[in-house]
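So you can see what is in the structure, the chains are spelled out below.
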Amino acid sequence: MTEYEIACQGKSRFPTWRAAKKRANQIRREGGPAMRPYPCDFGPHFHVGHRPGHANYLRHGQPLEPTP
Ligand SMILES: [Zn+2]
């Protein structure tokens, strides 16, 4: 599997950011995960999802605790 197939081909594509955001809101309303629209790296369109490298919280199973 190429990066293109993972990051673009296998996902829904949206022609505009607004269309992608509309879909993201719909998913959220239906009880789905919080998604966000982002511009595709491979073409002039948008996807909805978790951008690779963006979800950096709880990466090691430990929540970040603020120092007192
Ligand atoms: Zn794409």
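Residues numbered from 1 in each chain as written. Predicted model: local features only at pLDDT ≥ 70, side-chain atom pairs only at ≥ 80, totals over all residues. Heavy atoms only, no water.

### Regarding the nonpolar core
- Core analysis: the largest hydrophobic core is formed by six residues, namely F14, A20, A24, I27, F46 and V48.
- When contributions to this core are tallied by element, the ones reaching two or more residues are α2 (17-29) and β2 (46-49).
- Ranked by the residues each element gives to this core, the list is headed by α2, at three residues.
- Leaving out residues up to four positions away in the same chain, F46 has contacts with S12, R13, F14, P15, T16, W17, A20, Y38, P39 and C40. (Core = buried A, V, L, I, M, F, W, Y, C linked by side-chain atoms within 4.5 Å. Buried < 20%, exposed > 50% of the residue type's maximum accessible area, 1.4 Å probe, protein only. Helix = DSSP H or I, 4+ residues; strand = E, 2+ residues; numbered from the N terminus. Contact = heavy atoms within 4.5 Å.)

### Examining the pairing of strand β1 (residues 36-39)
- When β1 meets β2, the two strands line up antiparallel, connected through four bridges. Note on β2: the bridge partner recorded for R36 is G49.
- Hairpin connection, β1 to β2: the antiparallel pair is bridged by six residues. (Pairing = 2+ DSSP bridges.)

### Comments concerning the coordination of the zinc ion
- Only C8 (SG), C40 (SG), H45 (NE2) and H47 (NE2) from the protein coordinate the zinc ion, and they sit 2.0 to 2.2 Å from it.
- Coordination at the zinc ion is tetrahedral, judged from the four donor atoms that bind it and the angles of 101 to 117 degrees they form at the metal.
- Along the chain, the residues donating to the zinc ion are arranged with the sequence spacing C-x31-C-x4-H-x1-H. Of the two residues, C40 and H47, neither departs from the other in class, the shared state being buried. (Donors = N, O, S within 2.8 Å, 3.2 Å for Na, K, Ca; no water. Tetrahedral: all angles 85-135°; square planar, octahedral: opposite > 155°, others 65-115°.)

### Observations concerning α2
- In this model α2 runs 18 Å from its N-terminal to its C-terminal C-alpha over 13 residues, within 8% of the 18 Å that 1.5 Å per residue would give.
- Turning to α2, its buried residues are A20, A24 and I27. Looking down the long axis of α2, one finds its buried residues gathered within 60 degrees of arc, a one-sided arrangement. Structural note: α2 exposes R18, K22 and R29 on the side pointing more than 90 degrees away from its buried face.
- Looking one or two residues past α2, G31 carries a phi angle of roughly 90 degrees, positive in sign. (Expected span 1.5 Å × (residues − 1). Arc of directions from axis to C-beta.)

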